[in-house]
Amino acid sequence: MTSAPRQRESRYVRPRDTHPPLDSPEYRSTGLRHPTRAPIVVPQRLTEVTGPLLTGPIGPSDHDLTRQHAGEPQGQRIIVTGRVLDSDGRPVPDTLVEVWQANAAGRYAHRSDDWAAPLDPNFSGGGRVLTNALGEYSFTTIKPGAYPWGNHPNAWRPAHIHFSLFGRAFTQRLITQMYFPADPLFAFDPIYNSAPEGARERMVSTFDMEATQPAWALAYRWDIVLRGRDQTPFEEPHA
Amino acid sequence: MPELTPSQTVGPYLRLGLDWGPAGPAVVPEGTPGAVRITGILYDGEGTPITDGLVETWQADPEGRFPHPEGGGSDFRGFGRSCTDDEGRWEVRTLLPGALPGEAPHLDVSVFARGLLDRVVTRVYLPDHPANATDPVLALVPAERRGTLVAERVGEAEYRFDIRLQGEAETVFLDV
Ligand SMILES: [Fe+3]
């Protein structure tokens, strides 16, 4: 006996040739932190095709990292805009985007960042915005500096902003980093290069002259693409 | 069609963007009847606690419904977030999930950390639940490793779920 193939609830495509391997020896911290056994492939069921549709917590100055203190932070003011899409081209509306970054000198306002670059009393480096109905987001910040780290001799991270995204399903959750165009440090960075060739370029923003504000701020544009829905009908296994 | 954005590590300074303070672990407010605490330590391959990690949970409410149009709708937040502390500990305060069609009660878990270039996903199941025996996800896990997905009851309203990223007792991770 057979039944007609049917679409159950949404399913989301499994990424291929996109994410870095968890075991990436060039990035030393992966050594003791990557699972050694292959993950078990499981079908997506209710818990995976649903996900938190959060609209907060968002405070009044979370979208403008230059206005979270009494004074202006040091550095080059920038506007970062873009769209959150899924891989079948649909915008992801009303989704929470969380960002964090170093200050203009490349120092994080974090107790365990002890690099000898100045802290900026007017910059904390954390922000949050929601995408609008078209999946667009925008926030104002300062351009982060590159910073050294202990991975290998003379290791420097290219300037980047950390991004966290939810989408509309547990399967779509993504944490990544946005980079700036033509950074000379790309060639030397094991974290950037951990993503497969052909995919890592998708993490690089573009300079956006149109979004700059005269006598105020430069602008960069970066679209983020989450897993889309798999449209292939499939056969339910018989009970 | 647009191409997927790669994942990157949260790095060591994740708290600057992802720490919600006491609101993070509070899937339900303090004092909610029936609330339980689920807590554990996140370990690396040498058994050292990971102090720069993030554990997130997602689950149905006690009736098996999600606050999502495809999950029946609910007022329950369903989502918990905990930055690991100086001892590598994470915790959430929540209600026990109900059973889902054909599945035993469970929470989906995402783990992020410095040194993890993509999240890893696992599930928390409840100890001694009769539906565990027929759960389709547990059935895919070799019997000798299934225990890593089952929480231990350590008090009236407290469960323990340690996560080991690597090593002898490595937690079972799922590709969803
Ligand atoms: Fe960073």
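Provided above is the structure to which this section pertains.
Below is a summary of the structure that appears in this document.

The rules behind these values
Residues numbered from 1 in each chain as written. Chains lettered and ligands numbered in written order. Predicted model: local features only at pLDDT ≥ 70, side-chain atom pairs only at ≥ 80, totals over all residues. Heavy atoms only, no water. Helix = DSSP H or I, 4+ residues; strand = E, 2+ residues; numbered from the N terminus. Rg over C-alpha atoms; globule rule 2.2 N^0.38 Å. Buried < 20%, exposed > 50% of the residue type's maximum accessible area, 1.4 Å probe, protein only. Areas by Shrake-Rupley, 256 points an atom, 1.4 Å probe, with all protein chains shown as cover. Lys, Arg positive; Asp, Glu negative; His and termini not counted. Charge placed at Lys NZ, Arg CZ, Asp CG, Glu CD. Salt bridge = Lys/Arg side-chain N within 4 Å of Asp/Glu carboxyl O. Donors = N, O, S within 2.8 Å, 3.2 Å for Na, K, Ca; no water. Tetrahedral: all angles 85-135°; square planar, octahedral: opposite > 155°, others 65-115°. Core = buried A, V, L, I, M, F, W, Y, C linked by side-chain atoms within 4.5 Å. Contact = heavy atoms within 4.5 Å. Buried area = accessible area lost by both parts, 1.4 Å probe. Polar contact = N/O pair within 3.5 Å; in protein donor to acceptor, adjacent residues only side chain to side chain. Nonpolar A, V, L, I, M, F, W, Y, C, P; charged D, E, K, R; others polar. Pairing = 2+ DSSP bridges.

### What about the overall build of chain B?
Step number 1: Check the secondary structure of chain B and you find one helix and 10 strands.
Step number 2: Each helix and strand of chain B, placed in order from N terminus to C terminus, yields the pattern α-β-β-β-β-β-β-β-β-β-β.
Step number 3: Expected size for 176 residues packed as a compact globule is a radius of gyration near 16 Å; at 16 Å, chain B falls within 12% of this value.
Step number 4: Its C-alpha atoms give chain B principal-axis dimensions of about 50 × 35 × 35 Å.
Step number 5: For chain B, the proportion of its 176 residues judged to be buried stands at 57%.
Step number 6: A total accessible area of about 6600 Å² is found for chain B, and carbon and sulfur atoms account for 50% of it.
Step number 7: Between the mean site of the 15 positive side-chain charges and the mean site of the 28 negative ones, chain B shows a separation of 2 Å.

### Considerations on the pattern of salt bridges
Step number 1: Evaluation of the coordinates by the stated rule reveals 28 salt bridges over all chains.
Step number 2: For glutamate 98 of chain A, the salt bridge identified is with arginine 81 of chain B, shortest N-O distance 2.9 Å. Remark: arginine 81 of chain B occurs in strand β3 (residues 79-83) and glutamate 98 of chain A occurs in strand β3 (residues 96-101); the pair is interchain, linking two chains. Each member of the pair, glutamate 98 of chain A as well as arginine 81 of chain B, carries the same accessibility label: buried.
Step number 3: Across the pair glutamate 158 of chain B and arginine 37 of chain B runs a salt bridge whose closest N-O atoms are separated by 2.9 Å. Of this pair, glutamate 158 of chain B sits in strand β8 (residues 158-160) while arginine 37 of chain B sits in strand β1 (residues 36-43); the two residues are 121 residues apart in sequence, bridging distant segments of the chain.
Step number 4: Relative accessible area serves as the criterion here: at 27%, arginine 37 of chain B is assigned to the partly exposed category.
Step number 5: In this structure, a network of salt bridges that share partners links the residues Asp62, Glu98, Arg128 and Arg173 of chain A together with Glu56 and Arg81 of chain B.

### Comments concerning the coordination of the iron ion
All names here are of chain A.
Step number 1: Coordination of the iron ion by the protein is provided by Tyr108 (OH), Tyr147 (OH), His160 (NE2) and His162 (NE2), with metal-donor distances spanning 1.9 to 2.2 Å.
Step number 2: Coordination geometry of the iron ion: the four donor atoms subtend angles of 90 to 163° at the metal centre, consistent with an arrangement described as irregular.
Step number 3: Within one chain, the residues donating to the iron ion are spaced in sequence as Y-x38-Y-x12-H-x1-H. Taken together, the positions of tyrosine 108 in the loop between β3 and β4 (126-130) and histidine 162 in strand β8 (residues 160-165) put the pair 54 residues apart, joining distant regions of the chain. Note on accessibility: tyrosine 108 and histidine 162 belong to one class, buried.

### Some remarks on unusual backbone geometry
Step number 1: In this structure, proline 57 of chain A follows glycine 56 of chain A across a cis peptide bond, with omega equal to 0°.
Step number 2: Assignment of secondary structure puts proline 57 of chain A in the loop between α1 (46-49) and β2 (77-86).
Step number 3: Of note, the phi angle at asparagine 154 of chain A is positive, near 55°, even though the residue is not glycine.
Step number 4: The class of asparagine 154 of chain A is exposed, set by a relative accessible area of 67%.
Step number 5: Of note, the phi angle at aspartate 128 of chain B is positive, near 60°, even though the residue is not glycine.
Step number 6: Within the fold, aspartate 128 of chain B resides in the loop between β6 (120-125) and β7 (152-155).

### Section: the nonpolar core
Residues and elements named next belong to chain A.
Step number 1: Counting residues in hydrophobic clusters, the biggest one holds 34 residues, and the most contacted among them are Tyr137, Phe139, Phe163 and Ile224.
Step number 2: Elements with a contribution of two residues or more to this core: β2, β3, β5 (136-142), β8, β9 (174-179) and β12 (224-226).
Step number 3: Not counting the four nearest positions on each side in its chain, tyrosine 137 is found in contact with Val80, Thr81, Gly82, Arg83, Val84, Val129, Thr131, Phe163, Trp222 and Ile224.

### Some points on the interface of chain A and chain B
Step number 1: Counting residues at the interface gives 82 residues for chain A and 70 residues for chain B.
Step number 2: For the pairing of chain A and chain B, the buried interface totals around 6600 Å² over both sides, and the portion due to carbon and sulfur atoms is 59%.
Step number 3: Our count for the chain A to chain B interface comes out at eight salt bridges.
Step number 4: Its salt-bridge partner being glutamate 56 of chain B, residue arginine 173 of chain A comes within 2.7 Å of it at the nearest N-O pair.
Step number 5: Where chain A touches chain B, the interface holds 39 residue pairs in polar contact (both at pLDDT 80 or more).
Step number 6: Listing elements by their share of the side of chain A that touches chain B, those giving two or more residues are β1 (40-41), α1, β2, β3, β4, β8, β9 and β12 of chain A.
Step number 7: Among the elements that line the side of chain A that touches chain B, the one with the most residues is β9 of chain A, at five residues.
Step number 8: Taken together, the residues that form the side of chain A that touches chain B break down as 38 nonpolar, 26 polar and 18 charged.
Step number 9: Looking at chain direction, β1 of chain A and strand β10 (residues 174-175) of chain B are connected through two bridges and run parallel.

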